[in-house]
Every structure is written in structure tokens, then in C-alpha cells.
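# Breakdown of the fold
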Amino acid sequence: MAEFIMELNDEQKEVRDWIHGFAADVMRPAAAEWDEREETPWPVIQEAAKIGIYSLDFYAQQYFDPTGLGIPMAMEELFWGDAGIALSIVGTGLAAVGVLANGTEEQIGTWIPQMYGTPDDVKVAAFCSSEPDAGSDVASLRTRAVYDEAKDEWVLNGTKTWATNGGIANVHVVVASVDAELGSKGHASFIVPPHTPGLSQGQKFQKHGIRASHTAEVVLEDVRIPGSCLLGGKDKLDERLARARERARSGGERVKNAAMATFEASRPAVGAMAVGTARAAYEEALEYAKTREQFGRPIIDNQGVAFQLADMRTSIDAARLLVWRASWMAVNGKPFTAAEGSQSKLFASETAKKVTAQAIQILGGNGFTREYPVERMHRDAAIYTIFEGTSEIQRLVIARTLSGLPIR
Ligand SMILES: Cc1cc2nc3c(=O)[nH]c(=O)nc-3n(C[C@H](O)[C@H](O)[C@H](O)COP(=O)(O)OP(=O)(O)OC[C@H]3O[C@@H](n4cnc5c(N)ncnc54)[C@H](O)[C@@H]3O)c2cc1C
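The rules behind each value
- Residues numbered from 1 in each chain as written.
- Predicted model: local features only at pLDDT ≥ 70, side-chain atom pairs only at ≥ 80, totals over all residues.
- UniProt positions renumbered as here; feature names shortened; annotations may be inferred.
- Helix = DSSP H or I, 4+ residues; strand = E, 2+ residues; numbered from the N terminus.
- Buried ≥ 20, exposed ≤ 12 C-beta atoms within 10 Å, placed from the backbone.
- Contact = placed C-beta atoms within 7 Å.
- Core = buried A, V, L, I, M, F, W, Y, C linked by C-beta atoms within 7 Å.
- Pairing = 2+ DSSP bridges.
- Axes fitted to C-alpha atoms, helices over the stretch in contact; angles between N-to-C directions.
- Parallel < 35°, antiparallel > 145°, perpendicular 65-115°, else oblique.
- Nonpolar A, V, L, I, M, F, W, Y, C, P; charged D, E, K, R; others polar.
- Near = placed C-beta within 6 Å.
- Domains from an automatic or database assignment.
- Left-handed = near helix turned anticlockwise from the far one by under 90°.

Where an unreviewed UniProt entry is consulted, the protein chain appears under the name Acyl-CoA dehydrogenase family protein, with the organism given as Streptomyces catenulae. UniProt lists a comment for the protein chain under the heading Cofactor (unreviewed entry), and it reads "FAD". Among the UniProt annotations of the protein chain, the heading Sequence similarities (unreviewed entry) holds the following wording: "Belongs to the acyl-CoA dehydrogenase family."

Structure, rendered in C-alpha cells:
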């Protein structure tokens, strides 16, 4: 097991500086334009692909970094650049992780390259779990997957919503129920290959923030996919379902939901995104406070402003430490006995919302305009307390983990 280290090593610093360069030179100058256009920034994704930031190799290298700091470091820098564009770049990675975590080696080798495409022909992927009536309550999803044994095909029907890259993705990973009576234990994940008939994009959402990231409904009407598109394979699913049914029959001990453990491991990455946005807004505010003069002196000379900046920086550093701790725990298989993954996401996302609002205040009227980036950063920050589990759900998970009680 790698020791918990609170400093990046030389190699990680080099990677961080490389990503930072891309974020500063390519993403930042493009941020306002793609926010206004509210479209997927394909040319920027392509630039990222050309230098290797948009690729499975890059993502996998950070994902398997034994210190656990690879992913949070990369996420912080990209989201420091711009949250909307960054989500367009890392959205595919979120779908790829679904395949890496549950797929067979063959499935990983077949589908992940198709999720990214090539630098000359970039593609994106989508992870579709949420539904109109199943947001926080993921167990209640209604999309059904029925096995057609004669043809060795699965047939998917349902409506997904809020899917990042939904409808424009080359590959969609869809979570569906194969046994409604088992709730979340009857869920399975499926690959929907490119151009599969029956999958279509529904409404594309016009959003408050992260507007360069495409978010849409995905409609599945009699979508037929080969049996081999069930992630992990049929034997593994049958074994898992048999165990769940047996447990349900015997009223046996509640087993820890594997999906919950996966969330604990993935939530710090969202925390790191929030740290990136918060840091970006804090840096803008610090610089502004040092140069803007009122009453014959820089506004930072007033404790009322300087103390705000002190609090902003303290919260950002605390958030990063929580994120790094949880990421290190995830990579090294430490049990999340105090829901440390959820703690990191809760604190970092609330910090981003607060810090970006403080940044607007410090920039005064300018902060309220689109001439300065903190207005966009504040709109972007609002997503962190919503997706990958709202703040209320994080508190619920933490409280349940600490108490062992089914707190509602
Ligand atoms: C921009 C964006 C991108 C997204 N990307 C994806 C994606 O790629 N794939 C995907 O599958 N999903 C995605 N999501 C969906 C996201 O994960 C959900 O929006 C989120 O889980 C919340 O679900 P909901 O919107 O249905 O809110 P609801 O669950 O309806 O919650 C509404 C409010 O009620 C509160 N609430 C609900 N239950 C409780 C409770 N038990 N106790 C206390 N408070 C409660 C919530 O905290 C929230 O404040 C995305 C969402 C957005 C906005």
C-alpha cells in the first residue's frame, strides 16, 4: 500500500504543469465563447486528443497512480481551466470507468477505444443512469433490459435523462433493471454500440452553468444489443442475481451495495473538479483585490476583504486535503468507514459554491458581468452540489455510515 503523501512527486508535478499549460493556453481563452455557444467544444477536445490529454492512456495512467493523486491533480487543473470544457473532456472518462470497473478484458479492449475515437476523428461517450423519476433515488429506475435467449440479445426500453454527452456519444453505457423486485441489486450495465437503432436523443437541456458540456435525455425504444454487451457477462450477472434472490428470500443480512462503494471511490474526483473551479475564482479575486483601489488604497488593505480571501484559501486547501485522502483510500482499497469519499465531495462542492460567490463580491460590479470569468465560475460551481449525488444525499450517506442507522 502506498503511504498517504500530501505532496506531488516530481513526475506528478511535471504532468500537472503540462495540464496546467493546456488549461491556461487553450481552455481559458476558449471558455467564454463555448459558454455562450452552449455547444460541445469539439475543436478543444481534438486539441486535447492531439497532445494526449483526451485519451484512455492518459486517464488510465492517472487512475492507476498508486498515490491516488493522479486523478485529483488532473481534474483540478482541467476544471481550473474551465468547468464546461473540462466536463466535455472528462465526461467520456466517467463512462469508461463504468466499463473498466465492471467489464471483461474483451469488453474493455473493444469498447473503450471506440469511446475516444482517434485524434483525427474524436468521439465521446455517455454514462446513462439518471431518469426523470429516478434521480437521487437511483434504485427506482424504470429502464428495463429483457434477455431474448433465442437471439442472445438484450432489449432495452426506457428514458434516461441528464446524460452528459447523451445522444451525441459514440458509445452509451446504460444502467437498466433486469429484475425490478431486487431494486438496485437487480441493476446491470450495458453497452449500446454506435448507431444502434432505437436509441435517440430527447431534449437537450439549456443550463445555468457548465454550458459547454452537452446534457440531454436519451430515449431507448426496443434497443436490441448483442448478449456480449452486458458488462461483466451473463454468468456473472446470473450468479449475482441468484445470491440477491437467496438473500431476499431468507431475509438475510443486508449486504453492502457494490454501487455505493463505487460512488465512494468516484466522488473525490468530483470534489477535485470543485477544487479547480474554486481555486480559479479565488486566484481572480486575490489578484483583483491587490490591484483595485478605493479610498486611495488597494481593497485588500481592508480586513473585510483580506479575511474573506483568507477564508476562501483555507476552505480550498481543506477541500483538497479531503479529496486527496479519499482518493488515496480508494486506490489503496481502504474501507470508507466514515464515508470519506462523500465527505470530500460534500465539502469541496459546497466550498466551490461559496468561494465563487465571494469572488463575485470581491470584484464588485465587475464580478457581476460576463467581462470577468468569476460570474461564469459561479454558475459552473452550482453543478457540484447536484450531480454524482446532491449535498443532501452526501450527508445522508455520511450520517448512515457513521451511525449504522437507516436515517431518512
Ligand atoms: C449537468 C448535469 C449533468 C449530469 N450528468 C449525468 C450523467 O452523465 N449521467 C447520469 O446518469 N446522471 C447525470 N446527472 C444527473 C444527476 O446525477 C442528478 O441530477 C442528481 O443525482 C439529482 O437527481 P435529481 O436531479 O432527480 O434531483 P432529485 O433527486 O429530485 O432531488 C431534488 C432535491 O431533493 C433533495 N432530496 C432528494 N431525496 C432526498 C432525501 N432522501 N433527503 C434529503 N433531500 C433529498 C435533493 O438533495 C435535491 O435537493 C447530471 C445532472 C446534471 C444537472
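### Concerning the overall build of the protein chain
The secondary structure content of the protein chain amounts to 12 helices and 11 strands. For the protein chain, the C-alpha atoms occupy an extent of roughly 80 × 50 × 40 Å along the three principal directions. Evaluated residue by residue, the protein chain yields a buried proportion of 47% over its 408 residues. In the protein chain, the share of contacts with a sequence separation of at least 24, taken over all contacts with a separation of at least 6, comes to 74%.

### With respect to the nonpolar core
The biggest cluster of nonpolar side chains holds 114 residues, and the ones touching the most others in it are F190, A274, A285 and A359. When near neighbours in sequence (up to four residues on either side) are disregarded, A274 contacts A319, A348, S349, T351, A352, A381 and Y384.

### So, the pairing of strand β3 (residues 125-128)
Here β3 shows no split at all, with A125 and F127 on one side and A126 and C128 on the other all buried. Looking at chain direction, β3 and strand β6 (residues 171-177) are connected through four bridges and run parallel. Paired with C128 across the two strands is V174, which belongs to β6.

### Structural notes on the UniProt feature "domain: Acyl-CoA oxidase/dehydrogenase middle" (unreviewed entry) in the protein chain
UniProt's feature table lists "domain: Acyl-CoA oxidase/dehydrogenase middle" (unreviewed entry) at residues 126-223, given in the numbering used throughout. Along residues 126-223 the backbone is 0% helical and 49% strand, and the end-to-end C-alpha distance reaches 16 Å.

### Things to note about the packing of helix α5 (residues 83-102) against helix α6 (residues 105-116)
Across the interface, α5 lies against α6 with an axial gap of 10 Å and an inter-helix angle of 175 degrees. As summarised for this structure, α5 and α6 are arranged roughly antiparallel, according to the angle between their axes. Each of T92, A95, A96, V99 and L100 in α5 lies in contact with α6, whose residues at this interface are Q107, I108, W111, I112, M115 and Y116. Counted by class, the contact of α5 with α6 contains nine nonpolar, two polar and no charged residues.

### Brief notes about the site of the ligand
In the neighbourhood of the ligand, 21 residues make up the surrounding shell, with S129, G135, S136, T390 and E392 lying closest. Taken together, the elements giving at least two residues each to the shell around the ligand come down to β3, β5 (153-164) and α12 (391-403). When grouped by side-chain class, the residues that make up the shell around the ligand number 10 nonpolar, eight polar and three charged. Both domains that furnish three or more residues to the shell around the ligand are identified here as domain 2 (125-247) and domain 3 (258-403).

### Here we look at the UniProt feature "domain: Acyl-CoA dehydrogenase/oxidase N-terminal" (unreviewed entry) in the protein chain
What UniProt calls "domain: Acyl-CoA dehydrogenase/oxidase N-terminal" (unreviewed entry) maps, in this numbering, to residues 9-115. When the span residues 9-115 is considered, its composition is 83% helix and 0% strand, and the gap between its end C-alpha atoms is 31 Å.

### What to know about the packing of helix α10 (residues 340-367) against helix α11 (residues 374-381)
Two measures define how a pair of helices packs: the angle their axes make with one another and the distance between the axes. Interhelical geometry of α10 versus α11 gives an angle of 155 degrees and a closest axis separation of 9 Å. On the basis of the axis angle, α10 is roughly antiparallel to α11. The handedness of the crossing between α10 and α11 is left-handed. Within the contact between the two elements, α10 uses A352, K353, T356, A357, A359, I360, L363 and G367 and α11 uses V374, E375, M377, H378 and A381. Residue composition of the contact of α10 with α11, by class: eight nonpolar, three polar and two charged.

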